[in-house]
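Residues per chain, in single letters:
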2 protein chains.
Amino acid sequence: METYPSVLLEKAVGEFSKLPGIGRKTALRLVLHVLRQPVGEAEAFADAVLHVRKDIKYCSVCHNISDDDVCPICADARRDRSTICVVENVQDVMAIENTQQYNGLYHVLGGVISPMDGVGPGDLQIESLVQRVKDNDDVKEIILALSSTMEGDTTNFYIHRQLAPLHVKVTMIARGISVGNDLEYTDEVTLGRSIVNRTLMD
Amino acid sequence: METYPSVLLEKAVGEFSKLPGIGRKTALRLVLHVLRQPVGEAEAFADAVLHVRKDIKYCSVCHNISDDDVCPICADARRDRSTICVVENVQDVMAIENTQQYNGLYHVLGGVISPMDGVGPGDLQIESLVQRVKDNDDVKEIILALSSTMEGDTTNFYIHRQLAPLHVKVTMIARGISVGNDLEYTDEVTLGRSIVNRTLMD
């Protein structure tokens, strides 16, 4: 165990090391960086953290992060309203948008079903997806674009079953993605192709 | 360039990506982690950042980070007051303390001389080191423990020259082969120096 020369320093290192992927050594490096910056920089940083946590909103339609009640994608009249792409989180929306291969809408689940982490279907935006399909007759296709993991597959299967009575076409992005890889780290060409080559679930 | 669905989110990502070694993708991951935490956690984090930046003090003797005017090491009566180990920063103090091989005092320079980064001798705690040696007759040895780089060597040389008139012994930490390293993979300069500076076995 490291001994820090200051309680203040140790507390700040403790807070930084709570962030995912940040160990105590990296945390110390980050805190020392903050110490070298002008006070205004530290204030701007702390302010952005508080502000984003307290004031962030979620789109009432697709549940993506948004500054307004309805996000720019859902509000965009040029997007194809017959297709909804179901993703895990905001990174996945950004990754798919970057491919420029998709012009439909999204539905952000907020995670995948993972009994190990205590995440059940009720913790995700699945019921609101079903309701969205029920309420909008122009929705013709649901593209499931979840990570190619056990949890992703379980969630795909669960959603497929929930949507089965609704006579909407349910497709899945092509498994061009390497098994075990996270969606957000897939290169754009593979990801783009996997959307074009989506396969019909039957 | 990524397009973020929210200005708030983009701002927070921008702030996190100013930290050393944090790219925009990692920054986004950190911000989304903050969003998943309770508001109290985000407040504790922001508070620790502000608090450490605004209220941190430096030891008036050795310039290490400290909660009091004099740090615990300088205040410790059991430490050997005849030896001062000169280091670059607080991490180096912690690293040497962890070895449990050193019982003297420290002097934290706050960096090394680096004309490329605009850091001259005046930006470092070198003059205060010279003054400290002048003021304390019981100081018998200065150990230079700076990084084995061009900048570290320059700083070593500069400090050595400044201390020359003071008749204090100036030593340098040994440069040699790291413990556990294969001889054949050690670089030539290090290997050469480890032969020249060989130590007597007794």
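Residues numbered from 1 in each chain as written. Chains lettered and ligands numbered in written order. Predicted model: local features only at pLDDT ≥ 70, side-chain atom pairs only at ≥ 80, totals over all residues. Heavy atoms only, no water.

You'll find chain A entered in an unreviewed UniProt entry as Recombination protein RecR, with Hallella faecis given as the organism. Quoted straight from UniProt, the Sequence similarities (unreviewed entry) entry for chain A says "Belongs to the RecR family." The heading Function (unreviewed entry) in the UniProt record of chain A holds the text "May play a role in DNA repair. It seems to be involved in an RecBC-independent recombinational process of DNA repair. It may act with RecF and RecO." (UniProt positions renumbered as here; feature names shortened; annotations may be inferred.)

> Explanation requested: the sheet that holds strand β6 (residues 169-172) of chain A in the structure shown.
Sheets are built from strands that pair by backbone hydrogen bonding, the pairs being arranged parallel or antiparallel. Residue and element names in this part refer to chain A. With respect to topology, five strands assemble into an open sheet ordered β4-β3-β5-β6-β7, the strand pairing being mixed. Each edge of the open sheet carries a strand with a single partner, namely β4 (105-108) and β7 (199-200). Here β6 runs beside β7; their pairing, made up of two bridges, is antiparallel. Bridged to Met-172 within β7 is Thr-199. (Pairing = 2+ DSSP bridges. Helix = DSSP H or I, 4+ residues; strand = E, 2+ residues; numbered from the N terminus.)

> Sorry if this is basic, but what is going on with the UniProt feature "zinc finger region: C4-type" (unreviewed entry) in chain A here?
UniProt's feature table lists "zinc finger region: C4-type" (unreviewed entry) at residues 59-74 of chain A, given in the numbering used throughout. End C-alpha atoms of residues 59-74 of chain A are separated by 8 Å, and the span's content is 19% helix alongside 12% strand.

> What is the right way to read helix α2 (residues 24-36) of chain A from this model?
Three- or four-residue spacings in an α-helix give side chains the same orientation, since the helix completes a turn every 3.6 residues. Between the first and last C-alpha of α2 of chain A there are 19 Å, a value that for 13 residues agrees with the 18 Å anticipated at 1.5 Å per step. Along α2 of chain A, the residues classified as buried are Ala-27, Leu-28, Leu-30, Val-31, Leu-32, His-33, Val-34 and Leu-35 of chain A. In this structure, the buried side of α2 of chain A is in contact with α1 (7-16) and α3 (39-55) of chain A together with α3 (39-55), β1 (57-58), β2 (65-66) and α5 (90-99) of chain B. (Expected span 1.5 Å × (residues − 1). Buried < 20%, exposed > 50% of the residue type's maximum accessible area, 1.4 Å probe, protein only. Contact = heavy atoms within 4.5 Å.)

> Would you mind going over the nonpolar core with me for this structure?
In summary, soluble globular proteins display a tendency toward joint burial of nonpolar side chains. Leu-9 and Phe-16 of chain A together with Leu-9 and Phe-16 of chain B are the most contacted members of the largest nonpolar core, which totals 46 residues. Of all elements in the fold, only α1, α2, α3 and α5 (90-99) of chain A together with α1 (7-16), α2 (24-36), α3 and α5 of chain B reach the threshold of two or more residues within this core. If we ignore the near neighbours within four places in the chain, the residues touching Leu-9 of chain B are Val-52, Ile-56, Ile-65 and Val-90 of chain A together with Tyr-4, Leu-28, Val-31, Leu-32 and Leu-35 of chain B. One finds Ile-73, Val-133, Ile-142 and Leu-191 of chain A within the second-largest nonpolar core, a separate group that totals 40 residues. (Core = buried A, V, L, I, M, F, W, Y, C linked by side-chain atoms within 4.5 Å.)

> Can you help me understand the packing of α1 of chain A against α2 of chain A in this one?
Describing two packed helices takes the angle between their axes plus the distance from one axis to the other. All names here are of chain A. Running from N to C, α1 and α2 cross one another at 120°; their axes reach a closest spacing of 8 Å. In terms of orientation, α1 and α2 fall into the oblique class. In this structure, the crossing between α1 and α2 has a hand that is right-handed. Note on element contacts: α2 touches α1 through Arg-24, Ala-27, Leu-28, Leu-30, Val-31, Leu-32, Val-34 and Leu-35, opposite Leu-9, Glu-10, Ala-12, Val-13, Gly-14 and Phe-16. Class assignment for the residues of the contact of α1 with α2 results in eleven nonpolar, one polar and two charged. (Axes fitted to C-alpha atoms, helices over the stretch in contact; angles between N-to-C directions. Parallel < 35°, antiparallel > 145°, perpendicular 65-115°, else oblique. Left-handed = near helix turned anticlockwise from the far one by under 90°. Nonpolar A, V, L, I, M, F, W, Y, C, P; charged D, E, K, R; others polar.)

> Explanation requested: the sheet that holds strand β5 (residues 141-144) of chain B in the structure shown.
Residue and element names in this part refer to chain B. Ordered by their spatial adjacency, four strands build an open sheet running β4-β3-β5-β6, and the pairing between neighbours is parallel. Across the chains shown, the open sheet's two edge strands, defined by having one partner strand only, are β4 (105-108) and β6 (169-172). Strand-to-strand twist in this sheet, taken as the mean axis angle between neighbours without regard to direction, amounts to 25°. Where β5 and β6 come together, four bridges link them in parallel fashion. If you follow Ile-142 over to β6, its bridge partner there is Val-170. The strands that helix α6 (residues 127-135) touches are β3 (83-87), β4 and β5; relative to β4, the one it contacts most, it runs at about 150°.

> How should I be thinking about the pairing of β5 of chain B in this particular structure?
Each regular strand carries side chains that alternate between the two faces of the sheet. Residues and elements named next belong to chain B. Across the two faces of β5 the burial is the same, with Glu-141 and Ile-143 and Ile-142 and Leu-144 all buried. Where β3 and β5 come together, four bridges link them in parallel fashion. From the neighbouring strand, Cys-85 faces β5, where its bridge partner is Ile-143. After leaving β5, the chain enters helix α7 (residues 150-163) and then returns to the sheet as β6, a path that is right-handed. (Right-handed = clockwise from strand over helix to strand, strands pointing away.)

> Can you help me understand unusual backbone geometry in this one?
When glycine is set aside, most residues are seen to have a negative phi, and most peptide bonds are trans. Residues and elements named next belong to chain A. Here the phi dihedral of His-63 falls at roughly 70°; this positive angle occurs in a residue that is not glycine. Inspection of the secondary structure puts His-63 in the loop between β1 (57-58) and β2 (65-66). Using a relative accessible area of 19% as the deciding quantity, one classes His-63 as buried. At His-167, a residue that is not glycine, the phi angle is positive and equals roughly 55°.

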